[in-house]
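# Understanding the architecture of this molecule
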Amino acid sequence: MNTTVFLNIATAICPDRDIISFEGKHYSFALLNERSNRLANALAGLGVKHGDRVGMLEVNCNQHIEVYFATAKLGAIFVPINFRAKADEVSYMLDNAKIKVLFAGSRYIQMLDTILPKLSFIENCVSTDKKLDGTLAYETLVSSSVPDEVAADIGDEDITILMYTAGTTGRPKGVPLRHSAFAGYVIGNVEPANPIVEERNLLSVPLYHIAGIQAMLAAVYGGRTLVLIRQFEVKEWMRIIQEEKVSRTMLVPTMLKWVLDDPDFDHADLSSLKVITYGSASMPFAVIKSAIEKMPWVKFINAFGQTETASTITVLGPDDHVIEGTEEEKEKKLKRLSASIGKPLSDVQIKIVDESGQSLPYNAVGEILAKGARIMSGYWKDDEKTARAKTKDGWLKTGDKGWVDEDGYVFLAGRGDDMIIRGGENISPEEVEDVLHSHPDIEETAVIGIPDPEWGQEPCAVVTLKNGKTTTAEEIMEYCRSRLAGFKRPRQVIFVESLPRNTMGKVLRKELRTNYEQLSK
Amino acid sequence: MVQMGKRYKCEECGTEALCTKVGEGQPICCEKEMEVLEPKALPSSD
C-alpha cells in the first residue's frame, strides 16, 4: 500500500471530520483530499513528474500536509527542509536533492533570494502564505486547478520522502524513505479511521523531523484530528491542549521538562491527554518519573527510532511506566525506565555487536544494529556513507551503544560515535568545526557535546588560537550565529594550548568529553 | 452488514480487508465469512 491511500481510506470513512485544526482554521478529510488533488494537478501543470523532488521550507502548517499528499499523489518525492537551517545549509540540501519546485513561507523568501540564483534547477518557487515578486501564490495554484484525483502509477517501493539528517561527519545526509516503510509501520500499529472513535493529536514536533511525518501519516490513516502549532512554545502548548481537548501528543525530553517546570503547569487542565509519546533523545530519569507522578492519568510511551529506520523500531509501552508489583518487579521496572527503549516492534530485528561485528550475549554493551523491511536501503547519492552505515547483510549500524537483557528489553548506553543530540536535534561536530575553522583567529578545534539538564546536550567548542591571535568566547559564538542554525551554535568555548591526539594524530574527543563533561553542571 | 472502519481477516489465508463503504452482506474469503479484527490492546506510539 502507498501512503496516498491512507487519505482515500479515511476520507471514505469520516469525510467530514477535521483532519487539521490550525489557528482557527479547520480542514476536513474530504477538503484535505480535494485541496491535495488540486495542488497535485497544479504541480503536474508545472511539469512535476514521478521521481521529481518537491521541497518545503516552512514551519508546521496545513500547507505542509497538502504539499506532501499532492507530491505523493504524483509519485514525486517530498523534501521537507529544516526551517532553522541557515542559507548555506539550505542551499546544500536544495542542491543535493535537486529540487524542482520549492514551497516556502514568505519569511524565508528573502534568504532564498540570495541562494536561488545559484540553483538553476529550481524551476518554480511558491510562497505558501502571500504573493511575492518572483514566486507563485499558493492559494492561486490550489484554486485555479481541478479537484480530480490524479492517476499516477505509484509503487509501494517508490521513494516518497527525502529527509535530511545530521551525521557525525560533514553535511546533512539525505535519507530516501519508501511508501512501504511508512505503510508497514502505520498499518501494523495504528487502528484505522473509525466513524465513532475520535482522537486529537497535537503535533509538537516539526514536520521536517521523522517523528513529525510519522505522526502525521498515522493521524491520517487513523482518522485523527491533527492540531498544528507553528513551533513548540510551552504556554501555547498547554493552552491548546485545554482548548482543543487534545488526547495524544509526542514530546522530546526537553519539551516535557519545560512543561513540567512551567509555573502554570499546576493550573492547566491537561485531563484530556491520554497518551504522551517521547523520544528523539535520552530521557532523564528524573523528568519521566516526575511526569508519571504529575500526570497519573496519561499513558506514556518511549518510542525509539531514527530517520534511517523510518522512525519507531522499539517501544517501551505504557505498562512499563506503571511502577507496581513486588519489590523485585518494581526494581526491574525502575531500571528499565531509567535507560531502556523497550522491545523491538514485530517487524524489526535488533542485535548488539562488538567492534568486529560479532554478536554479543545478553547484558554485554556494544553497538545496536537494526534490520527489517522499513530500514532505509541507503543514503541519497552517497554510497560511501551507505557502506559505513550498513553491513553487507543489511543491518543498519544505529551509532547508539546499548545492551539487551534476558527479557528482550533494549537499553541505551550513550552514542557510539561523536554525534551531539540537543533537544532531539542531531548535530554533526564536523559541520560546526568547519565553520569554526573559517574563523581567522582559530588554529584548530574540536566540538563535543556536554551534558545539559535542559537540552540533554549542548555543543561545546574546544579551540586553539593561531600564534599571536586573541579573541573571546563571545566573539566566536557570535561568529557562528550567522553561519549556523541556532541549535548548532556552540554554547561554550574553551581555549586550550593544544588538542589531545592519538599517535595517528586523531583528536581524542572522548578525552575531551571526560575532561569537560562537568562543565555545565 | 459490514461495519464502516472495521478490519476483517480471513482465518484461512490471512488476508485483511478494511471496510470503507457500508453495504449489504458479509465479506467472504476462502469461501468463509471473514472475522472482525478487534482493536489493538495498546495504543500506537503516535
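This one's a predicted model, so the numbers in the text were calculated from it and none came from an experiment. (Residues numbered from 1 in each chain as written. Chains lettered and ligands numbered in written order. Predicted model: local features only at pLDDT ≥ 70, side-chain atom pairs only at ≥ 80, totals over all residues. Heavy atoms only, no water.)

## Points about the overall build of chain A
The condition is simple: To qualify as a helix, a DSSP run of H or I must reach at least 4 residues; to qualify as a strand, a run of E must reach at least 2; elements of each kind are numbered from the N terminus. C-alpha atoms define the radius of gyration, and 2.2 Å times the number of residues to the power 0.38 defines the globule rule. Think of it in three bands: with a 1.4 Å probe and only protein chains considered, a residue is buried below 20% of the maximum accessible area for its type, exposed above 50%, and partly exposed in between. Any pair of residues with heavy atoms lying within 4.5 Å of one another is described as a contacting pair. Shrake-Rupley sampling with a 1.4 Å probe provides the accessible areas, and residues are treated as covered by the protein chains on show and by no other component. Neither His nor the chain ends is counted toward charge; the positive residues are Lys and Arg and the negative residues Asp and Glu. For charged residues, the charge sits on one atom: NZ in Lys, CZ in Arg, CG in Asp, CD in Glu.
From N to C terminus, chain A includes 16 helices and 25 strands. Radius of gyration (C-alpha) of chain A: 23 Å, near the 24 Å computed for a compact globule of 521 residues. Each principal axis of the C-alpha atoms in chain A carries an extent, and together these give about 65 × 65 × 50 Å. Within chain A, the fraction of its 521 residues that count as buried is 58%. Sequence separation of at least 24 residues holds for 69% of the intrachain contacts in chain A that already meet a minimum separation of 6. As displayed, chain A has an accessible area near 21,200 Å², and 49% of this comes from carbon and sulfur atoms. Charge-centre separation for chain A: the mean point of 61 positive side chains lies 2 Å from the mean point of 73 negative side chains.

## A look at the overall build of chain B
Helix and strand counts for chain B come out as 0 helices and 5 strands. Listed by position from the N terminus, the elements making up chain B come as β-β-β-β-β. The principal-axis extents of the C-alpha atoms in chain B amount to approximately 35 × 25 × 10 Å. Among the 46 residues that make up chain B, the fraction classed as buried is 26%. Here chain B displays about 3,100 Å² of accessible surface, and carbon together with sulfur accounts for 49% of that area. Put simply, chain B has 6 plus and 9 minus side-chain charges, and the middle of one group is 5 Å from the middle of the other.

## Examining the sheet that holds strand β1 (residues 7–9) of chain B
All names here are of chain B. To be explicit about the condition: The criterion for strand pairing is that DSSP finds at least two bridges linking the strands in question.
Taken in spatial order, the 3 strands line up as β2-β1-β5 in an open sheet, and their pairing is antiparallel. Of all strands in the sheet, those bounded by a partner on one side alone are β2 (16–18) and β5 (35–36). Of the strand pairs in this sheet, β1 and β5 are connected by 2 bridges, and their pairing is antiparallel. Following the sheet pairing, lysine 9 is matched in β5 by glutamate 35.

## With respect to the interface of chain A and chain B
This is how it is decided: Note on definitions: buried area is the accessible-area loss of two parts on being combined, 1.4 Å probe, summed for both. Any Lys or Arg side-chain nitrogen found within 4 Å of a carboxyl oxygen on Asp or Glu counts as a salt bridge.
Across the boundary between the two partners, chain A contributes 27 residues, which contact 14 residues of chain B. Taken together, the two surfaces of chain A and chain B that pack against each other cover about 1,600 Å², and 57% of this comes from carbon and sulfur. The largest contributions to the chain A side of the interface with chain B come from Ile13(A), Glu191(A) and Pro192(A), which together make up 26% of the buried area. The interface formed by chain A and chain B contains 1 salt bridge. Note that Arg7(B) and Glu191(A) form a salt bridge whose closest N and O atoms lie 3.7 Å from each other.

## Remarks on the domain arrangement of chain A
Residues and elements named next belong to chain A. The test is simple: What fixes the domain bounds is an automatic or database domain assignment. Throughout this description, a polar contact denotes any pair of N or O atoms lying within 3.5 Å of each other; where both atoms belong to protein, one of them has to be capable of donating a hydrogen while the other can accept it, and for residues adjacent in sequence the pair is counted only when both atoms sit in side chains. Amino acids outside the nonpolar list (Ala, Val, Leu, Ile, Met, Phe, Trp, Tyr, Cys, Pro) and the charged list (Asp, Glu, Lys, Arg) are all regarded as polar, and Gly is one of them.
Considered domain by domain, chain A is made up of domain 1 (4–179), domain 2 (302–415) and domain 3 (420–516). Using only C-alpha atoms to locate each centre, domain 1 and domain 2 end up separated by 32 Å. Facing 17 residues of domain 1, the contacting portion of domain 2 comprises 14 residues. Summing both partners gives a buried area of about 1,200 Å² for domain 1 against domain 2, and 57% of it is carried by carbon and sulfur. Counting across the domain 1 and domain 2 interface gives 0 salt bridges. Our count for the contact surface shared by domain 1 and domain 2 stands at 6 residue pairs in polar contact (both at pLDDT 80 or more). Contributing elements (two or more residues each) for the side of domain 1 that touches domain 2: α4 (87–97), β8 (159–165) and β9 (173–178). Considered class by class, the residues forming the side of domain 1 that touches domain 2 number 8 nonpolar, 4 polar and 5 charged.

## Observations regarding the confidence of the model for chain B
Rules: Each residue carries a pLDDT score, the predictor's own confidence in it, on a scale running from 0 to 100.
Chain-level statistics for chain B give a pLDDT mean of 87 and a share of 100% at 70 or above. β2(B) is the least confidently modelled element of chain B, averaging 89 in pLDDT, while strand β3 (residues 28–29) of chain B averages 96, the highest of any element.

## Looking at the sheet that holds strand β24 (residues 456–465) of chain A
Residues and elements named next belong to chain A. Convention followed: Inter-axis angles, ranging from 0 to 180 degrees, are taken between N-to-C directions of lines fitted to C-alpha atoms, where helices are fitted over the stretch in contact.
With respect to topology, 3 strands assemble into an open sheet ordered β23-β24-β25, the strand pairing being mixed. Of all strands in the sheet, those with a lone pairing partner are β23 (442–452) and β25 (492–495), marking the two edges. Across the sheet, the mean angle from the axis of one strand to that of its neighbour is 25 degrees, orientation sign disregarded. With 10 bridges joining them, β23 and β24 adopt antiparallel strand pairing. Considered in β24, the bridge of glutamate 444 is made with threonine 464.

## Observations concerning the state of the cysteines
All names here are of chain B. Basically, it comes down to this: Any two cysteine sulfur atoms within 2.5 Å of one another count as a disulfide.
Considering all chains together, one arrives at 0 disulfides over all chains under this definition. In this structure cysteine 13 is not part of a disulfide, and its nearest cysteine sulfur, from cysteine 10, lies 3.6 Å away. Judged by its relative accessible area of 42%, cysteine 13 falls in the partly exposed class. No disulfide involves cysteine 30; its nearest neighbouring cysteine sulfur is the one of cysteine 10, lying 3.7 Å away. Here cysteine 30 falls in the partly exposed class, since its relative accessible area comes to 41%.

## Focus: the pattern of salt bridges
All names here are of chain A. Following the criterion strictly, the structure yields 38 salt bridges over all chains and no others. For arginine 239, the salt bridge is made with glutamate 243, and the minimal N-O distance between the two is 2.8 Å. Of this pair, arginine 239 and glutamate 243 both sit in helix α9 (residues 234–244), 4 residues apart, which is roughly one turn of the helix. Residues joined in a network through salt bridges with shared partners are Asp320, Lys332, Arg336 and Asp407.

## Regarding helix α15 (residues 473–481) of chain A
One turn of an α-helix holds 3.6 residues; hence residues three or four places apart share an orientation. Residues and elements named next belong to chain A. Rules: The directions from the helix axis to the C-beta atoms form the arc being described.
Ala473, Ile476, Met477, Tyr479 and Cys480 are the residues of α15 that are buried. Within α15, the buried residues cover an arc of 155 degrees as seen down the axis, which keeps them to one side. Buried residues along α15 sit against α14 (429–437), β23, β24 and β25.

## Points about the side chain of Ser44(B)
One can find Ser44(B) in the segment after β5. Overall, Ser44(B) belongs to the buried group, its relative accessible area being 6%. Beyond its immediate chain neighbours, meaning those up to four positions away, Ser44(B) contacts Asn189(A), Val190(A), Arg224(A), Arg248(A), Val275(A) and Ile301(A).

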